[in-house]
Each structure stands twice: as structure tokens, then as C-alpha cells.
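# Descriptive structure summary
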Amino acid sequence: MKSFIPNAAMVHSHSFGPELHDGGLVSNLIPSTNPIVLVDDEVVKISAFLLQPGTTQGPQIEHLNGRLDSLNLPIETVEEEMHPPQESLYINSPKKNTNSMYKPGDFSVVYVCELPEIKGKFDPAKAAALGLKPGPKYRELQLGNSVKSDRQEIMVHPDDVMEPSIPGPIVILVDCPTKLHLLELLAMESLGPFYADTPGLSPGDAKTVNCIIHLTPSSISKKSLYQKWMKRFGAAQHIMAGHEMKNVEIPILKASARIAARLNHLCPYFFPAPGFWSCQDSAAGFLTSSEANELCESKPAENLLKFHLRPYAQRGLDRSSVPSLTNLSYTVHELRSEIPEVVDAAQEISKFWHENGFPKEDIMSKMDSNEMTEEPWLSSSSVPACLENITREDMEIVLLGTGSAQPSKYRNVTSIFINLFAKGSLLLDCGEGTLGQLKRRYGLQGADDAVRRLRCIWISHIHADHHTGLARILSLRRELLKQVSHEPLLVIGPRQLKRYLDAYHRLEDLDMQFLDCRHTTESSLKSLMEDVEPDSHISHPARSESHGSGIFRSDAGDKTPHVESTLFSKGSRMQSYWKRPNIPIDNNVIVPILKSMKKVLAESGIESLISVPVVHCPQAYGVVIKAAKRTNGVGKSIPGWKVVYSGDTRPCPDLVEAARGATVLIHEATFEDGLVDEAIARNHSTTNEAIEVGDAAGAYRIILTHFSQRYPKIPVFDEAHMHKTCIAFDMMSVNIADLAVLPKVLPYLKLLFKNEFLTGEESEDVVAAT
């Protein structure tokens, strides 16, 4: 992560485990009998046990025979239960034999955390009876050293004068993701001292485990083999935390859930109710009813569940902080009591949809009355031609994250989900927590479906609040589609992002193909695609071409393009960056990916996706997405909608030109109007500046997002300028059929937060956005 994390923010990391070979692969290892000690001090000792899949496959499973006696399971039963079809194994490497190579992501780790023992109390009466005088010898005995008696010719040992010590608590964290890992877990001799049924252990070597937290998925943990292994730990408390679905409907951030419920009550059209989570797991791997009686006693994990280790008297589970399910009716009653006007406001908003028919009908009536203009951009009172015959299944914009810099209680960092329904979906930026937001919006199954249907992810720049959720999305998609024939997901982003993804790919397969944003600018696309002959022969360009406000120059024999740009102020660090020599373009690599992009977009009903350089940091971009034309029932050609997203930027002439006639402009508005100097210093925009960009471009609707976390609930804005603009909130879902009423809702949203604006003193305590 060094490519996007400042050095001052880096923390110490400790690497352990096998060394990587070329390509990020790890060869098969002989399991070590010794744990890897990560921390060992006066507070805690933490040891790691590596679980490598595959070392007990095939003939080598026989070495489990001695370990299976304590489980009361014959090896034939293990072979029958543990040898799945080869294609069902969750292994990234294409090779599945004993000598195969694995990525580090195929390994799992069992952690053992041991706290030091609590020494027993010193008994002065016993010391005196053994002839000891009060003094330094008392201290020596408490330190564990033997001393000679002052009055008797004997040696006094610590056990003679100390009460029995209390063993330190032990916690084990188990991650056993697949059947192959379970074989390794059963064969792990290093865990012998922690089993209650291990024969031949002396009292000093035996270790009593107090709590085991199982990250193992239920498809594995409910197998009889795993359950019998759990019972080997005696009276240990087992907490099942492996993808448990019991409490996913219960939010930890109560205040955030409260605001979401309030927004939904006021305007359910733009703030749908959260998805309903399904608690059903796959039946594969579950115990039969006869085996259910053999389940080891355990507790399901719950949000904020605690297990006290010390003091000894309080050791055990504590549910005092576990949140309860939010009562929606209570939240609505509280809202109506606090803001009585909200009842009338909700009714007024509902009229926008129902009083004169659905908005699209109002659009059609306006178009039939010839109110449309012929210009490519429209006044705020006109309706774009692209909205003719629009349906609710054409496109929806879901603002998954609307804050900047870092997540807050009310706003996650930037991510925009473009839902194309039957044609798939796109993601514009993918800040941390994006997957969690998808689950909150669509539910668990719905989020999985959304990830499966992703056609492209576009990243604006390298700042962490715009892309650190990307690897998790890619990893989940690979897992969801591992049994299905599919193409790698297209990721478009700045060049520095590829360095991070390449490094992450050494840990686990991300199943993606990468395209640099600079190859998706209008001029680059034109140049690169024109260089492809009909017979797919690729030649290298040797001509000048316009590139936004700059010029690419390539002289014959010089494959490194140079950039002259007037986008940034003369002599600035930004201009120097854009003028420096770029990495040579290998058309043999780029053009096939561009063709793939064109195919993917066409299948999604997208005519073009074009990146636009903007003023923020090196290699920062906005994006223009243009839908393909449609034909109505009488054969009339209807232009496609146009969505423009600014990324992070100062007001930018190139973006204004690119957004000309946009159906929707999603523009960052990090700061309020009174903080122009700070906006300039940080290369961001104020609310009014963002609106001016939209007005200059003739955008039909403007959605403001990426607010500084100093505005946790609603930003400061001048309502006089918001005639075609709306403020974004997390989970806000804007269907293209509802654009006509989008600005009308804003005053009512402001009413909802009338008692919750920050005071000046409070705002000083909030970290400024970066």
C-alpha cells in the first residue's frame, strides 16, 4: 500500500510464513511442528500455525491414521467425507496435485493467544513457620527463587509459601476455509498440548483453552469431523463467527441506521428500505438430523459480544453491549414527535409521484407539448430527449458512499453503483466498505448478485478513499463465479493503481484485466483504435493527436509520447507531472483490452466510456458514460442518457466541456462556499463551484457528493442555487425515471435535519478532509 499511504501513516508489519517464488506462488512445504511466535512479552504470547491445503491429499492422508483414533473415526470415513470433486476445491492455483504451487491467499492461519499465569499470593504465616524472617527473602520467593531458612537448616521453595498459581487464559482463533484445510488441522501435532484428551501430557505441559473463536464457514464447521475435533478442547467456550447470518440485520451503528430509517420514511422513492437478509445457508456440508445430536456446544457470534479474560472472577461471555434489533415503528414515532412537520412533508413528496401520475408521464406530456429544445444542452426547465419513453429498468444511480477522506458514522467514502438492471452494472470508485454498503442496500444475496453482474469498475485516482474496497470486490466476484465460465472483470484506473493490484495479486488471484485511464481518454481511444487495421494488424502511431487540452507527440522511432498541457497553471507541480515522459505504450497489449472494453460496454447498452483528466493530483480523472441510442415504438431514434462523474477536482474546463448536455452530473462538493481557500489548497470544489460547473455544462440534473466529514449529516449549502441540484446521502438511489422530481425533494431533506446542523465549536473538532 506504500503507493498511496503516506510514509507518516505507515505502521510496523511483521511477515511470517513461506517465501514467495516468481509470480507470487508458494511451493508445497512440509508442515512445521513448531508454531511461529509473533509476539511474546509480559502481556501476551501470540503464536501462528499455518494451514496449507493439499499436503495431505492422496496417499499422504494415511499419516492422519494415528490422529484419527481420538476422533473415533476410521480413515475410510475421512476419505469418503473429505475427498470432494476436484473442481469444487477453493484453491486459486490451477494445479491441484501434491507438488502444486499456491498463492499465499490459499493458506490459512490458526492463532493461539496465551496470557501469562497469575501467580498465587504469598503466605507470610507459612514463611514464618518455615523459619523465615521478613525481608528480601520474601521477595526472592515471590520471584520464584528458593531460599535458605533463617532458623532451620532447610531450603524453602516457592511452592511451600505461595498459593497455587492461576493459569493464564488461552484463546484460539481458527480459520479453516475448506475440506483440504480441515485435513491439515486434524494432522497438526503442534496443537497437542491444547487438547484436553491428549494422553501422556504432564500437568506442566497441558494447557487449558478457555475460548475458541471459529472463523470457519458453517459448511465445514458443521461436519461431524470438525465437531468431534472441537470436543477435544474439553470445556472451552466455542464461538461460531464463520459467516454467521443470525444478526446481520442488527446494525452496530445505531445512529446511522436511525437516519437511514428517517430518510426512508420521508422519501422511500430515493431512500428504499434496506435489503432483507437471508439467513439460509447452503445445505452442502450440513449435518443430518441424527448427527445433530453430536454437535459440540457452542454460541453463535453476535455484534459486540465480549469474552472477558481478566479479572478471573469475570471470565466468560458478556452480552451487555450486544445491540438489539432496531424497532422501525419506534424510530418513526420518535421522528414524528421531534419534527411534526415531517408528516405533511412525506405526503407532499408522495404527491410528486402520485398526484399527476408517475414522473415519466409528466415528461411525456411536456414532450408532447413541444417544450423540448433542439440544442445539445438544455435549460433547467427543459427535459432531455433521452428521457422519452424511459422506464424504471433502464438505469439507477446508487450512492453507496458520499463522504471524503475516511469513513464516518454517517457517511462512508466514495463509491457509486450504476445499476443497469438486466444489462449488468458498473462501479465508479470503490472506497473501503463498498461491499458492506452493497449488502446494506441490497441484502446479502442481492449484493452477491450485484457483484456477479459487474461489467466494469472505474477508479478516478489513487487516493485511498476511492479504491481500497476494490480488492475485496474482485476477490468476492472470483469466488462467486469460480464454477461458471466468465471473463476477468475490467478495471480502469490510474497507472499507480496497477502497482497495488499487481502486489495484491501475489497474495490471491483477483481475476481482472487492467486498463490505464490515460488509454480511455477521447483522443487516446481514437488514436489507438484507428491504428488497428481490418486484419487486426497493429501498428505503432507516429502522429500528433489532441488529448483534451494537451497534445501527444510521437516522432518516428520514439515510442514514448510526450504531453504538452495547459490544464494546470504554468510552472506548477501538476503541469510538470503531465509534461514528463510517459511509459511507452505497447499497442499489442492495450488494443485487445480496449476491444474487450468496447464489447463489454456494448453488451451493457453503453455507447462509450471516456476518461477526462481533472485538476486534483497526478493521474486524476473524471468519467463520461454515454448510453446507446434507443428506438421507440414508431421507429424514432432516442438519444442515450449521459452520466458524468467528476472524481475529485477543482472546477475544470475540460470537465465542463466533457459534461456538455449531461443528463446527470455527479460532482464532488467537499467544502462549503466559505472555505474556497481550503478548497483551492486541497484541489477540491465548493458546493457553489460544483453547481457552476453543472450550469456551465448545461447538465439537466446535478448530484453533489464527496462531502468533508466536518459535515457528518448534511452539508452547508445555499438553497437559492439548488434549482436543479440535490445533495447525496449514503444509500440514496436515483432512478433515471425520477430525475424530474429530484431537486424538489431537497427542501424536505433539509427539514429532516433542521435540529442537527453542527455548531461552529463542534465543527472545529472534526478532521478536515484531505
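Remember, it's a predicted structure, so these values are computed and weren't measured experimentally.

### Description of a nonpolar patch on the surface
Judged by side-chain polarity, Ile-252, Leu-253 and Leu-304 come together as a nonpolar surface patch covering roughly 260 Å² of accessible area. Relative to the elements of secondary structure, Leu-253 occurs in the loop between β10 (237–240) and α9 (254–266). Exposure remark for Leu-253: the relative accessible area of 45% places this residue in the partly exposed category.

### Digging into the nonpolar core
If you look at the biggest cluster of nonpolar residues, it comprises 96 residues, and the most contacted ones within it are Phe-270, Ile-397, Trp-458, Ile-492, Trp-641 and Leu-704. Broken down by element, the residue count for this core peaks at six residues, all from helix α23 (residues 742–752). With residues near it in sequence (within four places) discarded, Ile-397 still touches Ile-416, Phe-417, Ile-418, Val-643, Val-664, Ile-666, Met-732, Ser-733 and Val-734. Among the nonpolar cores identified, the runner-up in size contains 28 residues, and Phe-417, Val-451, Leu-454 and Ile-459 belong to it.

### Notes on the environment of Tyr-621
With respect to the secondary-structure elements, Tyr-621 resides in strand β24 (residues 621–627). Separated by 28 residues in sequence, Tyr-621 and Thr-649 place their C-alpha atoms 8.3 Å apart.

### What to know about the sheet that holds strand β23 (residues 606–613)
The six strands are arranged β23-β24-β27-β28-β29-β30 in an open sheet whose pairing can be described as mixed. The open sheet has two free edges, formed respectively by β23 and β30 (725–727), since each of these has just one partner strand. For this sheet the average axis-to-axis angle between neighbouring strands, irrespective of direction, equals 15°. By the bridge criterion, three bridges tie strand β27 (residues 642–645) to strand β28 (residues 664–668) in an arrangement that is parallel. From the neighbouring strand, Val-644 faces β28, where its bridge partner is Leu-665. Along the sheet, helix α22 (residues 687–697) contacts β28, β29 (701–705) and β30; its crossing angle with β29, the most-contacted strand, is approximately 155°. Here α23 sits on the sheet in contact with β29 and β30, set at roughly 45° to β30.

### Quick look at the pattern of salt bridges
Per the counting criterion, the structure on display carries 27 salt bridges. The residue Lys-119 makes a salt bridge to Glu-117 at a minimum N-O spacing of 4.0 Å. Given the relative accessible area of 51%, Lys-119 is considered exposed. The closest approach of N and O atoms between Arg-392 and Asp-738, which form a salt bridge, is 2.7 Å. Of this pair, Arg-392 sits in the loop between α13 (359–368) and β14 (396–401) while Asp-738 sits in the loop between β31 (732–735) and α23, and the two are 346 residues apart along the sequence. For Arg-392, a relative accessible area of 31% gives the class partly exposed. Taken together, the shared-partner salt bridges connect Arg-258, Arg-262, Glu-334 and Glu-338 into one network.

### Details of the pairing of β28
Extensive coverage of β28 is indicated by the burial of five of its five residues. Side chains Val-664, Ile-666 and Glu-668 of β28 all project onto a buried face; the interleaved residues Leu-665 and His-667 project onto the opposite face, where all are buried too. Following the backbone out of β27, through helix α20 (residues 653–658) and into the adjacent parallel β28, one traces a crossover that is right-handed. Pairing geometry for β28 and β29, over five bridges, is parallel. Following the sheet pairing, His-667 is matched in β29 by Leu-704.

### Considering the sheet that holds strand β18 (residues 489–493)
Read from one edge of the open sheet, seven strands run β19-β18-β17-β16-β15-β14-β31, paired in mixed fashion. Of all the strands in the sheet, the pair left with one neighbour each is β19 (512–516) and β31. Taking each pair of neighbouring strands and ignoring which way they run, the sheet shows an average axis angle of 20°. As paired elements, strand β17 (residues 454–458) and β18 share three bridges and run parallel to each other. Each bridged residue has a counterpart across the sheet, and for Ile-457 the counterpart in β18 is Val-491. Against the sheet, helix α14 (residues 434–452) makes contact with β14, β15 (415–419), β16 (425–430), β17 and β31, and its axis sits at roughly 130° relative to β14, the strand it touches most.

### Thoughts on α23
Listed as buried for α23 are Leu-742, Pro-743, Val-745, Leu-746, Leu-749, Leu-751 and Leu-752. In this fold, the buried residues of α23 make contact with α9, α11 (328–338), α12 (341–354), β29, β30 and β31.

### Here's the deal with the confidence of the model for the protein
Regions with low pLDDT should not have their predicted coordinates read in detail. In this model, the protein carries an average pLDDT of 79, and 75% of its residues clear a pLDDT of 70 or more. Predicted confidence is poor over residues 85–99, with pLDDT under 50, and the contacts of this stretch with residues over four places away or in other chains come to 34 contacts. Low pLDDT, under 50, characterises residues 533–581; the predicted model gives this stretch 96 contacts beyond four residues in sequence or across chains.

### So, α9
Counting along an α-helix, one turn takes 3.6 residues, and residues three or four places apart therefore face a common direction. Compared with the 18 Å implied by 1.5 Å per residue over 13 residues, the 18 Å span of α9 between its first and last C-alpha is a close match. Residues Ile-259, Ala-261, Arg-262, Leu-263, Asn-264, His-265 and Leu-266 constitute the buried set of α9. Of the surrounding secondary structure, the elements contacted by the buried residues of α9 are α11, α12 and α23.

### With respect to the side chain of Ser-415
Locating Ser-415 in the fold gives a position in strand β15. With a relative accessible area of 0%, Ser-415 lands in the buried category. Separated by 3.4 Å, the side chains of Ser-415 and Thr-434 make a polar contact. Aside from chain neighbours lying at most four places away, what touches Ser-415 is Val-398, Leu-399, Leu-400, Gly-401, Leu-427, Leu-428, Asp-429, Cys-430, Gly-431 and Thr-434.

Rules used throughout
Residues numbered from 1 in each chain as written. Predicted model: local features only at pLDDT ≥ 70, side-chain atom pairs only at ≥ 80, totals over all residues. Heavy atoms only, no water. Patch = residues over 30% accessible without salt bridge, like charges linked within 9 Å, V, L, I, M, F, W, Y side chains within 5 Å. Areas by Shrake-Rupley, 256 points an atom, 1.4 Å probe, with all protein chains shown as cover. Salt bridge = Lys/Arg side-chain N within 4 Å of Asp/Glu carboxyl O. Helix = DSSP H or I, 4+ residues; strand = E, 2+ residues; numbered from the N terminus. Buried < 20%, exposed > 50% of the residue type's maximum accessible area, 1.4 Å probe, protein only. Core = buried A, V, L, I, M, F, W, Y, C linked by side-chain atoms within 4.5 Å. Contact = heavy atoms within 4.5 Å. Pairing = 2+ DSSP bridges. Axes fitted to C-alpha atoms, helices over the stretch in contact; angles between N-to-C directions. Right-handed = clockwise from strand over helix to strand, strands pointing away. pLDDT = per-residue confidence, 0-100. Expected span 1.5 Å × (residues − 1). Polar contact = N/O pair within 3.5 Å; in protein donor to acceptor, adjacent residues only side chain to side chain.

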